[in-house]
Amino acid sequence: MMLEPMPSEHAPATRLRIAIVARNLAIGAGGMERTAANLANHLAAQGHVTGIVFKGDTAFQPSYSIREDVIRCPVAGTPPDYVQEIEQFRPDVVVALYASATEAPIIVSICQTGIPVVLREGSNPDRVVNTNWAGVKGITPEQARLERLAMMAGCARICFTLPQYRDSLPEELREASVAFPDAFAPANPADIARRSDTGRRIFLNIGGLEKIKNVMVAIRAFAAIAQDVPDWDFHVFSASTRSDSIGSEVEDFIARHDLVDRVKLFEPTSEIGREYGRSHVHVIACKEEGLPDCVAEAARHALPSIGFACCAGTNAMIVDDHNGLLVDCGEGEIDRLAQAMRHAALDQDARERWGRTALEESHIYDPETVFTEWDAVIAAAAADRATPEERMRSRFGEADAWRRLRAIQRASFEAEPWPAPQTSDFDSDPPLVSIIVPLFNKGDYIGETLSSIAACPYPAKDVIVVDDCSTDTSLEIAADYCDRHGWSLIRHAHNQGLSVSRNTGLEAARGDYVHFWDADDIYAPDGIEQLLRKMHNNAADIGTGLATRDGEVIPGYVSSRRDVACVTYARQPECFATASSCFKVYRRAFLIDNDLRFEPGLFMQDTAFNLCAFPLAERITMTPAILGEYRRIKSSGSKQMNDARFASALRLADITREFYTRQGLHALEAHRQTRIVAMVWEAFVRRANLKRTVIANTLTVPLDFNFLGQLRDRMADMSFGSIMDGHIPEDIHLPCFAIREGYMIWLPELLHGLRPETLRPELLAKTPDELEVVTKLSSVLRQRS
């Protein structure tokens, strides 16, 4: 039922440009599409320049009437499409009329523009979280709640249909929320006059053939009492087609129970008011309604409703034995619903009393009342000109909760970086960089390393050497350089390892930026200035550069050679490139604010550090700047594999998984697993190759199956996305599939590039796409073998 716009006696005090986002307007005929049309008509009638943005094209015919002066703004459907259309429309306020996993990236992208957004969540929060979010994305309800909160965090105002739904928000956001129902016009008296107490009487159900509407329970209940109430029928009006699975099930049930003449299925009608008017009891069996339109429309027609008490929306609108009946859910619910329907059918006095009460209390749906609420919330949002960053910081500044929510926006919705703040002139005020050099027994190399740092002409260097109780000449050499150049030298009281040395240097650092540098590598003269200039101008949290070996860029850094001013990890994961922290520069405040430190005693500590740091960075700068020469030292332990280090690799998997869980970074889980697969598995391959022996043409490799089993347990949720990721080296890709599926027997040959005779690709694949990859990899090995 459409509403007539309230007459406007004069123009509003402030004439606004308002864009209403209703994604499904061109294809839907539900309550939210009707709300979009009614609100657009009202705002246009009030003199506001009103546009309605939807997925589709201008040729569509909406299910609900829209005024000619409402501007149609069709889009293709992606978040950038919505942003582009809205920026062209130049609204003062955006009203977004859906709140689900599908709409979330669109809403976050619109918030990023700085235009105030009023978000209307039209269903009950539990349904949104469990059905429209967790169920759609295949994530846990807790993860869905975090994403929902992150989506709402940047909105200027949030509207619910019932006051109790505001309790689903944390206190910090509740103040920005309001609650009011949708608008429903009073019934046409002529429609109500159709109701007769003679002849056949009608139980009415609206929208019943959608699975979620639970109509079969209501029909079964009616079947149970059909003989007791022979003058009653059950009518279902549904937007679902009769060819859908529930429609077929319903028709089959009706036929088997000889109810063809009494349970009738109807297509949607533009005259639904007549059906409410001539019906006698409204039955709603759905358990996941937010504020069911059909209950409100029934009330406007003096029609009592029967529904389940466990449905939040139904429970809020129906008061048992006051304006209808509530039925307890659970075992025996069909019998209880049947008893309630029998009661309503046989007790005409009670039925009429409930209907009168429903009508009297339905004034809360009066369009004038509801649209006054809309006018107020839109005006308040228009006056809120805070930037998205300011809004989130002010709401969630305590305990830095805003950082977590912002990280979820980037990870789950691929939010663009916030606009960079204005920075000082780089040339007149170059930022200070703290170069931290951990040192332990590198007497043969530390002199050349420190000489290369001293030769770097960048003027604002704060060099900190941290000696971890070296037993060779390292300390003496470092002390000489530090004395000559005024650098800092810190010595540990006892040996604590590389991670602690870096953390010690970070605590002592005073630079705007931090650059960790190994004691045996050569510092490039010009790379740091090139990288810092770009980081400073873009207010980047992390900057990446390149490493060379023998004067050539190391192949692993090729993906990071692109000159990109500002990216996020979720949108461009290749910015990670390699794990090494030495060829990256970090904004010191970013590390301190996010409490990022290197994990003591952890092998592959750089992988753990960067897997945690990169998702938290608001802006990442990628440059082709060469930061230095990486030297492979024969005595270096960085590539030597042993059992202790594989135990450390298991810790790496645990630490990063716990961090991602704590930060709500589940959307980046595939990237996390891929990095661990690419590095830990690769290290395992190197170890296997070192220990390979050939006896009588038979490969014998002393593989640590216990380690593989434990690592596989930590990768039990290895997703399609991670194991299919292009970053996994080709030589370990097939072994990854074998490890995941537990076929360890094939590993000795696979890890040495040979195809086992008994290999069956179909046993290693979970999907057709995976099977295609596994078959291709297997064919390559067959050719080699």
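Bear in mind that the values here come from a model prediction, so they are computed numbers and not experimental data. (Residues numbered from 1 in each chain as written. Predicted model: local features only at pLDDT ≥ 70, side-chain atom pairs only at ≥ 80, totals over all residues. Heavy atoms only, no water.)

Some words on the packing of aromatic side chains
Per the counting criterion, the structure on display carries 20 aromatic pairs. Measuring from ring centre to ring centre gives 6.1 Å for W402 and W418, while their planes differ by 20 degrees; the resulting arrangement is stacked. Within this pair, whereas W402 is found in helix 17 (residues 401-413), its partner W418 is found in the loop between helix 17 and strand 14 (433-439), the two being separated by 16 residues in sequence. The class of W402 is buried, set by a relative accessible area of 7%. Taking the relative accessible area as the measure of exposure, W418 reaches 4% and is therefore buried. A connected cluster of aromatic rings, assembled from ring pairs, spans F203, F222, W232 and F234. (Phe/Tyr/Trp six-rings, centres within 6.5 Å; stacked < 30°, edge-to-face > 60°. Helix = DSSP H or I, 4+ residues; strand = E, 2+ residues; numbered from the N terminus. Buried < 20%, exposed > 50% of the residue type's maximum accessible area, 1.4 Å probe, protein only.)

A short note on the packing of helix 3 (residues 104-112) against helix 17
For the pair helix 3 and helix 17, interaxial distance at closest approach is 10 Å and the crossing angle is 125 degrees. One way to sum up the angle between helix 3 and helix 17 is to call them oblique. Relative to helix 17, the crossing made by helix 3 is left-handed. Contacts between helix 3 and helix 17 involve A104, P105, V108 and Q112 from the former and R406, Q409 and F413 from the latter. Taken together, the residues that form the contact of helix 3 with helix 17 break down as four nonpolar, two polar and one charged. (Axes fitted to C-alpha atoms, helices over the stretch in contact; angles between N-to-C directions. Parallel < 35°, antiparallel > 145°, perpendicular 65-115°, else oblique. Left-handed = near helix turned anticlockwise from the far one by under 90°. Contact = heavy atoms within 4.5 Å. Nonpolar A, V, L, I, M, F, W, Y, C, P; charged D, E, K, R; others polar.)

Focus on the side chain of N323
Looking at where N323 falls in the secondary structure, it is placed in the loop between helix 12 (312-317) and strand 13 (324-327). In terms of polar contacts, N323 uses its side chain to reach the backbone amide nitrogen of V319, at 2.7 Å. Sequence-distant contacts of N323, that is, excluding residues within four places in its chain, are made with P304, S305, M317, I318, W354, T357, A358 and E361. (Polar contact = N/O pair within 3.5 Å; in protein donor to acceptor, adjacent residues only side chain to side chain.)

Description of the packing of helix 18 (residues 446-455) against helix 19 (residues 474-485)
Their axes nearest at 9 Å, the elements helix 18 and helix 19 cross at an angle of 20 degrees. Relative to helix 19, the element helix 18 is oriented roughly parallel. For the crossing formed where helix 18 meets helix 19, the hand is right-handed. Only S474, I477, A478, Y481 and H485 of helix 19 make contact with helix 18, whose side of the interface consists of I446, G447, L450, S451 and A454.

Looking at the sheet that holds strand 8 (residues 201-206)
Pairing in this open sheet of six strands is parallel, and the strands run 10-9-8-11-12-13 from one edge to the other. Here the strands that pair on one side only, and so sit at the sheet edges, are strand 10 (263-266) and strand 13. Adjacent strand axes in the sheet meet at a mean angle of 20 degrees, parallel and antiparallel pairs treated alike. Pairing of strand 9 (residues 232-237) with strand 10 involves four bridges; the strand directions are parallel. Counterpart to F234 in the pairing with strand 10 is V263. (Pairing = 2+ DSSP bridges.)

Here we look at the sheet that holds strand 5 (residues 117-121)
A sheet is described by the order of its strands in space; here seven strands give the open sequence 3-2-1-4-5-6-7, paired in parallel fashion. If you trace the sheet from one side to the other, it starts and ends with strand 3 (71-75) and strand 7 (177-179), each paired once. Strand-to-strand twist in this sheet, taken as the mean axis angle between neighbours without regard to direction, amounts to 20 degrees. Here five bridges tie strand 2 (residues 49-55) to strand 3, and the two strands are oriented parallel to one another. Note on strand 3: the bridge partner recorded for V53 is C73. Across the sheet, helix 2 (residues 79-89) is in contact with strand 1 (17-21), strand 2, strand 3 and strand 4 (93-96); its angle to strand 2 comes to roughly 165 degrees.

Some thoughts on unusual backbone geometry
Located in the positive-phi region is R90, a residue other than glycine, with phi close to 55 degrees. Along the chain, R90 falls in the loop between helix 2 and strand 4. Overall, the relative accessible area of 54% leaves R90 in the exposed class. The phi torsion at M604 lies on the positive side, around 65 degrees, for a residue other than glycine. With respect to the helices, strands and loops of the structure, M604 is situated in the loop between helix 22 (588-593) and helix 23 (605-616).

Brief notes about the pattern of salt bridges
Going through the model one piece at a time under the given rule, you end up with 44 salt bridges. Two residues, E103 and R23, come together in a salt bridge whose shortest N-O distance is 2.4 Å. Separated by 80 residues along the polypeptide, E103 in the loop between strand 4 and helix 3 and R23 in the loop between strand 1 and helix 1 (31-45) bring together distant segments of the chain. R23 carries the same exposure label as E103, and that label is buried. (Salt bridge = Lys/Arg side-chain N within 4 Å of Asp/Glu carboxyl O.)

A few points about the pairing of strand 4
Burial along strand 4 is two-sided: the face carrying V93 and V95 and the face carrying V94 and A96 are both buried. Where strand 1 meets strand 4, four bridges bridge the pair, whose relative direction is parallel. Looking at strand 4, one finds that V21 is bridged to A96. Pairing of strand 4 with strand 5, which is carried by three bridges, proceeds in the parallel orientation.

Concerning the state of the cysteines
Under the counting rule described, the total for this entry stands at one disulfide. Summary of cysteine pairing: C311 is not part of a disulfide, and the nearest cysteine sulfur, belonging to C286, is at 5.6 Å. (Disulfide = S-S within 2.5 Å.)

Some thoughts on the confidence of the model for the protein chain
For the protein chain, mean pLDDT is 88; residues scoring 70 or higher make up 89% of the total. Low pLDDT, under 50, characterises residues 689-701; the stretch is placed with 18 contacts to residues that sit more than four places away or in other chains. (pLDDT = per-residue confidence, 0-100.)

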